Amino acid sequence: MASDFTLSILGCGSAVPTPLHNPSCQILSRRGSLFMIDCGEGAQAMMRRMKIPFSRLRHIFISHLHGDHCLGLVGLISTLGLLDRGGEVVIHTVPDALRIFPPLFETFCQDLPFEVRIEPFSPFASEVVYEDDTLTVKTLPLKHRIPAAGFLFEEKEAPRHLLGDVAE
């Protein structure tokens, strides 16, 4: 049985915004939950244009700290606050983000109605950074000018549902 597992490309292939391309940002939709991979400038506008609901975004994965992969993050968090959403947003990223983003959030995203939690991972080793009953997300170290990681989203094997009386 196929599951809801779709990827929407909000931006790719351009370190600088162009009329045809926004900086890196993708949204993975999995059974109604949204996972953002990188958050370049223009992410919010593309979410609106593609009718992607802000309210279901709970996890953001930032591969590395080059601007074209993360400069849209503060604006997105601010917008989520203006939309008065609750709950929590977890940002999975490299350790250096802990010194960069909290001061920006304190300055530009005051009085948020939700918690922002930064969960650092090592970009030098593969590790599980997210897991639930049906999905695991692992990091994959990448060769880049600065520490960077990719993300592998793996569906877990679902238990088979077999009705004994029907099978007989």
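Everything that follows concerns the structure shown earlier in this document.
Residues numbered from 1 in each chain as written. Predicted model: local features only at pLDDT ≥ 70, side-chain atom pairs only at ≥ 80, totals over all residues. Heavy atoms only, no water.

Visitor: How should the overall build of the chain be read in this particular structure?
Guide: Secondary structure summary: the chain contains five helices and nine strands in total. Ordered by position from the N terminus, the helices and strands of the chain form the series β-β-β-α-β-α-α-β-α-β-β-β-β-α. Its C-alpha atoms give the chain principal-axis dimensions of roughly 65 × 35 × 35 Å. Looking at the chain residue by residue over its 168 residues, the buried ones come to 41%. (Helix = DSSP H or I, 4+ residues; strand = E, 2+ residues; numbered from the N terminus. Buried < 20%, exposed > 50% of the residue type's maximum accessible area, 1.4 Å probe, protein only.)

Visitor: Would you take a moment to explain the sheet that holds strand β8 (residues 135-142) for this structure?
Guide: Whenever strands of a sheet pair, they do so through backbone hydrogen bonds, lying parallel or antiparallel. Spatial strand order, β7-β8-β9: three strands in an open sheet with antiparallel pairing. Either end of the sheet is taken by a strand with one partner, and the two such strands are β7 (128-131) and β9 (148-155). Here the average twist between neighbouring strands, direction ignored, is 25 degrees. Pairing between β7 and β8: three bridges, direction antiparallel. Within β8, the position partnered with Tyr 130 by the bridge is Val 137. (Pairing = 2+ DSSP bridges. Axes fitted to C-alpha atoms, helices over the stretch in contact; angles between N-to-C directions.)

Visitor: Got a minute to help me understand the nonpolar core in this structure?
Guide: Within soluble globular proteins, side chains that are nonpolar tend to cluster in buried spots. Within the largest apolar cluster, 28 residues are counted, with the highest numbers of intra-cluster contacts made by Met 36, Ile 60, Leu 73, Leu 76, Ile 77 and Phe 105. Among the secondary structure elements, those contributing two or more residues to this core are β2 (25-30), β3 (33-37), α1 (43-49), β4 (57-61), α3 (73-82), β5 (88-93) and α4 (97-108). Not counting residues within four places of it along the chain, the set of residues in contact with Phe 105 comprises Leu 73, Val 74, Ile 77, Ile 91, Gln 110, Val 116 and Ile 118. Listed in part, the 13 residues of the second largest apolar core include Phe 35, Ile 37, Leu 135 and Ala 149. (Core = buried A, V, L, I, M, F, W, Y, C linked by side-chain atoms within 4.5 Å. Contact = heavy atoms within 4.5 Å.)

Visitor: Sorry, what's going on with the packing of aromatic side chains here?
Guide: For any pair of aromatic rings, the description rests on two quantities: the centre-to-centre distance and the angle between the ring planes. Inspection of the entire model under this criterion finds seven aromatic pairs. Ring centres of Phe 35 and Phe 61 lie 6.4 Å apart, and the angle between their planes is 40 degrees; on these two criteria the pair is classed as tilted. With Phe 35 in strand β3 and Phe 61 in strand β4, this residue pair connects regions lying 26 residues apart in the sequence. Between Phe 101 and Phe 105, the ring centres sit 5.9 Å apart and the planes meet at 20 degrees, which makes this aromatic pair stacked. On the criterion of helical spacing, the pair formed by Phe 101 and Phe 105 is a turn pair, its members being four residues apart in helix α4. There is no split in this pair, since Phe 101 and Phe 105 are both buried. Of the aromatic side chains, those joined through ring pairs into one cluster are Phe 35, Phe 61, Phe 121, Tyr 130, Phe 151 and Phe 153. Residue placement shows Arg 85 over the ring face of Phe 114; its charged tip is 5.4 Å from the ring centre. (Phe/Tyr/Trp six-rings, centres within 6.5 Å; stacked < 30°, edge-to-face > 60°. Lys NZ or Arg CZ within 6 Å of the ring centre and 35° of its normal.)

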